[in-house]
Amino acid sequence: MKTQRPITSDDEHRVLKFRPRTLAHPPGRQGYPTGQALREETRQEPNDLSRYERDRDGPDDFRHRMLANVAAFAFTVALTAVGIWLAMSIADMRKTQDCVLMGRRDCARISTPHF
């Protein structure tokens, strides 16, 4: 049995060669293709995105697509506005809470009507 010894200098470094695995699955297991079947399967399919394309049954519905885009944009803007309002409200409440915890009595904001 070999014992491991500590590396004492840079001259003693070694590079280990690893063999690449050739099969995705071990051969002989049921339900998995063998190495030869796996290689033939990958050879037959093209490496582009044409296998995911669908035939167009009809013309593109541009109006519906634009309405969906507008609705998605409006939802995103509304969600952003709510997030900004919420962050500002939390910051304002934090300022008020810090003021109260310091023992000050003039922390409440008094709003005056503008005529």
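Cut-offs used in this document
- Residues numbered from 1 in each chain as written.
- Predicted model: local features only at pLDDT ≥ 70, side-chain atom pairs only at ≥ 80, totals over all residues.
- Heavy atoms only, no water.
- Helix = DSSP H or I, 4+ residues; strand = E, 2+ residues; numbered from the N terminus.
- Buried < 20%, exposed > 50% of the residue type's maximum accessible area, 1.4 Å probe, protein only.
- Areas by Shrake-Rupley, 256 points an atom, 1.4 Å probe, with all protein chains shown as cover.
- Patch = residues over 30% accessible without salt bridge, like charges linked within 9 Å, V, L, I, M, F, W, Y side chains within 5 Å.
- Salt bridge = Lys/Arg side-chain N within 4 Å of Asp/Glu carboxyl O.
- Lys, Arg positive; Asp, Glu negative; His and termini not counted.
- Charge placed at Lys NZ, Arg CZ, Asp CG, Glu CD.

Where do I start with the overall build of the protein in this structure?
Looking only at helices and strands, the protein has 2 helices and 0 strands in total. Buried positions account for 3% of the 115 residues belonging to the protein. If you sum the accessible surface of the protein, you get close to 12,500 Å²; carbon and sulfur atoms cover 57% of it.

I would appreciate a short explanation of a negative patch on the surface in the present structure.
Residues Asp-48, Glu-53, Asp-55 and Asp-57 make up a contiguous surface patch of negative charge. By the element assignment, Asp-55 lies in the loop between α1 (35–44) and α2 (62–101).

Where do I start with the environment of Arg-109 in this structure?
Mapped onto the secondary structure, Arg-109 falls in the segment after α2. Assessed through its relative accessible area of 70%, Arg-109 is described here as exposed. Along the chain, Arg-109 and Thr-96 lie 13 residues apart, while their C-alpha atoms are 8.6 Å from each other.

How should I be thinking about a nonpolar patch on the surface in this particular structure?
A cluster of nonpolar side chains, namely Val-82, Trp-85, Leu-86, Ile-90 and Met-93, defines an oily patch on the protein surface of about 550 Å² accessible area. When you line up the elements, Leu-86 lands in helix α2. Judged by its relative accessible area of 43%, Leu-86 falls in the partly exposed class.

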